[in-house]
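# Chains, contacts and geometry: an overview
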Amino acid sequence: MSAISPPGKIIAVHLNYRSRAAQRGRTPAQPSYFFKPASSVADSGGELERPAGTELLAFEGEIALIIGRPTRRVSPEDGWAAVSGVTAANDFGLYDLRAADKGSNVRSKGGDGFTPLGPAVLAADGLDPAALRVRTWLNGELVQEGTTDDLLFPFGRLIADLSQLMTLEPGDVILTGTPAGSSVTQPGDTVEVEVDAPTAPGAPSTGRLVTRITEGDIPFGDFGTKPSVDDLQRAEAWATPPEPGFVLTHELRAKLACVSTATLSSQLRKRGLDNVSIDGLTSTRPGAKVIGTARTLRYLPNREDLFASHGGGYNAQKRAFDAVGPGEVLVIEARGERGSGTVGDVLALRAQVNGAAGIVTDGGVRDLAVVAALDIPTYHNGPHPAVLGRKHVPWDTDIAIACGGAAILPGDVIVGDADGLLVIPPALVEEVVTDAIEQEREEEFIAEQVSQGNPVDGLFPMNTAWKERYRAWLTQR
């Protein structure tokens, strides 16, 4: 199928790929949308003018859904059945006009030619909506690639959500979000977008949707807000890849595993960090070492109206336990409140299945006996049979929080053993653990000398003479 009829309405989703949400630094709890006019539709092979006096015309390769029948109040499970076909789309946007739009995207996303579609439409029958792929090329270089298993909100959910309020008509188009990699085009650039089903029989494809960028020569008039940009708009439009961040490598994990939190604590104190312990918690597996990077979850004190809006459905708590990954530690801010559970057996099991290294909460735990029988260590503030909503509203994830008297940022390194839990800033991990290993070697030597009857004076800490003997001891090992 190749013909694309002019849509009655075009509805676009703001953020819908995990990779894009990570790039933006925010993950929405629910989908949100904006409209694009039908006059913004363009065919493959056309030219798109970057208006005179602007600099930030950005591309966004997307999968477009085409509605095939009148659809009103369908369930997420039935939403995909309303789709007759999918095609490639490029959701162009002009960041220079975002401030003028004040969030509406009317001018920044609604210009003539700002929604190329095509060139072919893939019939929805026989397609698996969870196995589609979108790719974008800029001047022949692959710059975006995303698959629908990375979606925050599956297609059926989008259709169900929208159809709660409005009837989706045949020919309507839903733009389903863009993966990471969107950036800015320049006059002379060529942008291509393709949607395909690589694992389906025959690997059907829409073909490449081609748009060439030209330079406009007609300036904006004085009868409306003119284009303007600032550093924030430039940063968001260009989406410059961040510098490589800290990685808790296998080597670092092994080093952290061989030293105690007591030694790490003393090394942190030497660097002026006294307030890095998460205090007052008990581990379900005190003999197990916990090492991982922090993912965070914050609860607010319960307020009935806030729980009504944030406590049900796929709330922040469920999202956090679904998102925590291998080698990560989910740290929960519960304000030290012990009067309800903050995690129970099902969610703890979910974290374990995901490969998480541990769970830390300064609140209570439900089903403690079952949680304690799991392999995943859980640090907690005591058992309690009540459900979360008695004391807490699940509010937000992956933000700075407080837990057990310590400040924890996403990505901080959490280390725990029978002595307790520490938070180590990522920038300090390498030097702290290296010095901690050396400290424990010295303490091993000192303990050996004390066991042989030597007095601690001059030995603990070592004076010059003992340091010489220590170096000799090292060479013999």
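Look up a bit, the structure's there.
Residues numbered from 1 in each chain as written. Predicted model: local features only at pLDDT ≥ 70, side-chain atom pairs only at ≥ 80, totals over all residues. Heavy atoms only, no water.

Once that is clear, we can look at the overall build of the chain. Looking only at helices and strands, the chain features 13 helices and 29 strands. Seen through its principal axes, the chain has C-alpha atoms that stretch 90 × 50 × 50 Å. Expressed as a percentage of the 477 residues in the chain, the buried residues total 49%. Considering only contacts in the chain between residues 6 or more positions apart, those separated by 24 or more positions represent 78%. Total accessible area computed for the chain in this model is approximately 21700 Å², and 53% of it derives from carbon and sulfur atoms. The positive charge centre, built from 44 side chains, and the negative charge centre, built from 61, are 4 Å apart in the chain. (Helix = DSSP H or I, 4+ residues; strand = E, 2+ residues; numbered from the N terminus. Buried < 20%, exposed > 50% of the residue type's maximum accessible area, 1.4 Å probe, protein only. Contact = heavy atoms within 4.5 Å. Areas by Shrake-Rupley, 256 points an atom, 1.4 Å probe, with all protein chains shown as cover. Lys, Arg positive; Asp, Glu negative; His and termini not counted. Charge placed at Lys NZ, Arg CZ, Asp CG, Glu CD.)

Time to look at the pattern of salt bridges. In this structure the tally under the stated criterion is 26 salt bridges. Between Arg135 and Asp196 there is a salt bridge; the shortest N-O distance is 3.5 Å. Note that Arg135 is positioned in strand β11 (residues 133-138) and Asp196 in strand β15 (residues 190-196), a separation of 61 residues in sequence. Pair check on accessibility: Arg135 and Asp196 agree, each one buried. (Salt bridge = Lys/Arg side-chain N within 4 Å of Asp/Glu carboxyl O.)

A few words now on the sheet that holds strand β5 (residues 57-58). Strand order in this open sheet of three strands is β8-β5-β14, and the pairing throughout is antiparallel. A strand with exactly one partner marks an edge of an open sheet, and here the two such strands are β8 (93-94) and β14 (184-185). Pairing of β5 with β14 involves two bridges; the strand directions are antiparallel. What sits directly across from Leu57, in β14, is Thr185. (Pairing = 2+ DSSP bridges.)

Right, let's talk about the pairing of strand β7 (residues 83-90) for a bit. Extensive coverage of β7 is indicated by the burial of seven of its eight residues. Where strand β6 (residues 61-67) and β7 come together, seven bridges link them in antiparallel fashion. Bridging across to β7, Ile63 finds its partner in Ala88.

Two orientations exist for strands paired in a sheet by backbone hydrogen bonds: parallel and antiparallel. Spatially, the six strands line up as an open sheet ordered β2-β1-β13-β6-β7-β10, and their pairing is mixed. Of all the strands in the sheet, just β2 (33-36) and β10 (122-123) have a single pairing partner and so form its edges. Helix-sheet contacts for helix α4 (residues 155-163) involve β1 (10-13), β2, β6, β7 and β13 (173-175), and the interaxial angle to β6 is about 55°. (Axes fitted to C-alpha atoms, helices over the stretch in contact; angles between N-to-C directions.)

Let's shift gears to the nonpolar core. Taken as a class, soluble globular proteins show a tendency for nonpolar side chains to be buried jointly. Ranked by size, the top nonpolar core spans 31 residues in total, and within it Ile63, Leu65, Trp80, Val86, Phe155 and Ile159 carry the most contacts. Where this core is concerned, the elements lending two or more residues are β1, β6, β7, α4 and β15. Counting 20 residues, the second-largest nonpolar core is a separate cluster that includes Leu297, Ala320, Ala334 and Leu374. (Core = buried A, V, L, I, M, F, W, Y, C linked by side-chain atoms within 4.5 Å.)

This paragraph deals with helix α5 (residues 231-238). If you check which residues of α5 are buried, you get Gln233, Glu236 and Ala237. Burial along α5 is one-sided: seen end-on, the buried residues are contained in an arc of 100°. Among the residues of α5, the N-terminal cap falls to Asp230, whose side-chain oxygen and the backbone nitrogen of Gln233 are separated by 2.8 Å. (Arc of directions from axis to C-beta. Polar contact = N/O pair within 3.5 Å; in protein donor to acceptor, adjacent residues only side chain to side chain.)

This part covers the side chain of Thr54. Looking at where Thr54 falls in the secondary structure, it is placed in the loop between β4 (46-50) and β5. Exposure remark for Thr54: the relative accessible area of 6% places this residue in the buried category. Residues within four places of Thr54 in sequence aside, it is in contact with Leu94, Asp96, Phe220 and Pro227.

Further remarks concern the packing of helix α6 (residues 250-257) against helix α12 (residues 429-451). At a closest axis distance of 9 Å, the pairing of α6 and α12 adopts a crossing angle of 40°. Taken together, the axes of α6 and α12 are oblique relative to one another. Taken as a pair, α6 and α12 cross one another with a handedness that is left-handed. Facing Leu252, Lys255 and Leu256 of α6, the residues of α12 in contact are Val429, Glu430, Val433, Thr434 and Ile437. Each residue belonging to the contact of α6 with α12 can be placed in one class, and the counts come to five nonpolar, one polar and two charged. (Parallel < 35°, antiparallel > 145°, perpendicular 65-115°, else oblique. Left-handed = near helix turned anticlockwise from the far one by under 90°. Nonpolar A, V, L, I, M, F, W, Y, C, P; charged D, E, K, R; others polar.)

Turning next to unusual backbone geometry. Pro119 follows Gly118 through a cis peptide bond whose omega is 0°. Structurally, Pro119 is set in the loop between β9 (115-116) and β10. At the junction of Phe460 and Pro461, the peptide bond is cis and its omega measures out at 5° in the coordinates. You will see that Asn139, though not glycine, has its phi angle at about 55°, which is positive. Here Arg335, not a glycine, exhibits a phi torsion of approximately 65°, which is positive. Here Arg335 shows up in the loop between β20 (328-333) and β21 (341-343).

So, about the environment of Ala356. Relative to the assigned elements, Ala356 resides in the loop between α10 (345-353) and β22 (358-361). The residues contacting Ala356, other than those within four sequence positions of it, are Val324, Gly325, Pro326, Gly327, Glu328, Ala351 and Ile376.

Before going further, it helps to spend a moment on the packing of helix α7 (residues 261-270) against α12. Viewed as axis vectors pointing N to C, α7 and α12 meet at an angle of 120°, and their least axial separation amounts to 9 Å. Here α12 runs oblique to α7, going by the angle between their axes. By crossing handedness, the relation of α7 to α12 is classed as right-handed. Judged by residue contacts, Thr263, Leu264, Ser266, Gln267, Leu268 and Lys270 of α7 engage Val432, Val433, Asp435, Ala436, Gln439, Glu440 and Glu443 from α12.

What follows concerns a nonpolar patch on the surface. A cluster of nonpolar side chains, namely Val450, Val456 and Phe460, defines an oily patch on the protein surface of about 270 Å² accessible area. Position of Val456 among the secondary structure elements: in the loop between α12 and α13 (464-475). Note on Val456: relative accessible area 47%, which makes it partly exposed. (Patch = residues over 30% accessible without salt bridge, like charges linked within 9 Å, V, L, I, M, F, W, Y side chains within 5 Å.)

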